[in-house]
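Chains, contacts and geometry: an overview
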Amino acid sequence: MDEREKQAEAARKLGIGELRRHVLLCVGETCCSGEAGMAAWESLKTQIKERGMTDCYRTKVGCLRVCIGGPVAVVYPEGVWYAGITADRVPQLVEEHLVEGRPIEEWTFARNPLPNDNPST
Ligand code: FES
């Protein structure tokens, strides 16, 4: 198996190709403390795993370039940008946005849905 085939296999195991949402969460340390960021990240991982949400990808990032009011998160494909996603807020974010498809307005500070121009979808 060459490198490209190994990558494709890794992607398949991660569910890439079947994903419906992608959450990127900043774990600081400018928008929030590293401790608060990692606590939010651990909560997000646990929530998604416990619910068996294999179609929701999560990525921990070092900065989303907003750098205030974190932990900052963005959820695609809706392109909803959230502030203050602390560990105690993660369960509500998962339930309302990721499960029920209802973004939480009061935590939203920006929106930028990405157009789907892929002719194969
Ligand atoms: S450090 Fe979190 S957005 Fe920059």
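In what follows, the structure referred to is the one given above.
**Comments concerning the overall build of the protein chain**
Helix and strand content of the protein chain: 3 helices and 5 strands. Its helices and strands in sequence order give the protein chain the pattern α-β-α-β-β-β-α-β, from N to C terminus. Computed over its C-alpha atoms, the radius of gyration of the protein chain comes to 15 Å, within 12% of the 14 Å expected for a compact globule of 121 residues. Projected onto its principal axes, the C-alpha positions of the protein chain cover 45 × 30 × 30 Å. Per-residue burial for the protein chain yields a buried fraction of 24% across its 121 residues. Contacts spanning at least 24 positions in sequence make up 67% of the contacts within the protein chain whose residues lie at least 6 apart.

**Comments concerning unusual backbone geometry**
Between G70 and the following residue, P71, the backbone shows a cis peptide bond with an omega angle of 0°. Mapped onto the elements, P71 comes out in the loop between strand 2 (56-61) and strand 3 (73-76). Of the consecutive residues Y76 and P77, the connecting peptide bond is found in the cis state with omega at 20°. Tracing the sequence through the fold places P77 in the loop between strand 3 and strand 4 (80-82). At R65, a position not held by glycine, the phi torsion is positive, near 75°. Note that R65 resides in the loop between strand 2 and strand 3. With 9 C-beta atoms packed within 10 Å, R65 lands in the exposed category.

**Description of helix 2 (residues 34-50)**
A turn of α-helix holds 3.6 residues, and therefore any two residues three or four places apart point the same way. With 17 residues, helix 2 should cover 24 Å at 1.5 Å per step; its first-to-last C-alpha distance of 24 Å lies within 8% of that length. Buried within helix 2 are the following residues: G37, A40, W41, S43, L44, Q47 and I48. All buried residues of helix 2 project into a common sector of 165° when viewed along the axis, lining one side. With respect to the buried face of helix 2, the exposed residues turned more than 90 degrees away are G34, E35, K49 and E50. Looking at the buried positions of helix 2, the neighbouring elements they touch are strand 1 (21-26), strand 2 and helix 3 (90-99). One or two residues past the end of helix 2 sits G52, with phi positive at roughly 65°.

**Focus on the packing of helix 2 against helix 3**
Contact geometry for helix 2 and helix 3: axes closest at 9 Å, N-to-C directions at 40°. One way to sum up the angle between helix 2 and helix 3 is to call them oblique. Note that helix 2 runs across helix 3; the crossing there is right-handed. Contacts from A40, S43, L44, Q47 and I48 of helix 2 reach helix 3 at V90, P91 and V94. Along the lines of polarity and charge, the residues of the contact of helix 2 with helix 3 split into 6 nonpolar, 2 polar and no charged.

Reading the values: rules and limits
- Residues numbered from 1 in each chain as written.
- Predicted model: local features only at pLDDT ≥ 70, side-chain atom pairs only at ≥ 80, totals over all residues.
- Helix = DSSP H or I, 4+ residues; strand = E, 2+ residues; numbered from the N terminus.
- Rg over C-alpha atoms; globule rule 2.2 N^0.38 Å.
- Buried ≥ 20, exposed ≤ 12 C-beta atoms within 10 Å, placed from the backbone.
- Contact = placed C-beta atoms within 7 Å.
- Expected span 1.5 Å × (residues − 1).
- Arc of directions from axis to C-beta.
- Axes fitted to C-alpha atoms, helices over the stretch in contact; angles between N-to-C directions.
- Parallel < 35°, antiparallel > 145°, perpendicular 65-115°, else oblique.
- Left-handed = near helix turned anticlockwise from the far one by under 90°.
- Nonpolar A, V, L, I, M, F, W, Y, C, P; charged D, E, K, R; others polar.

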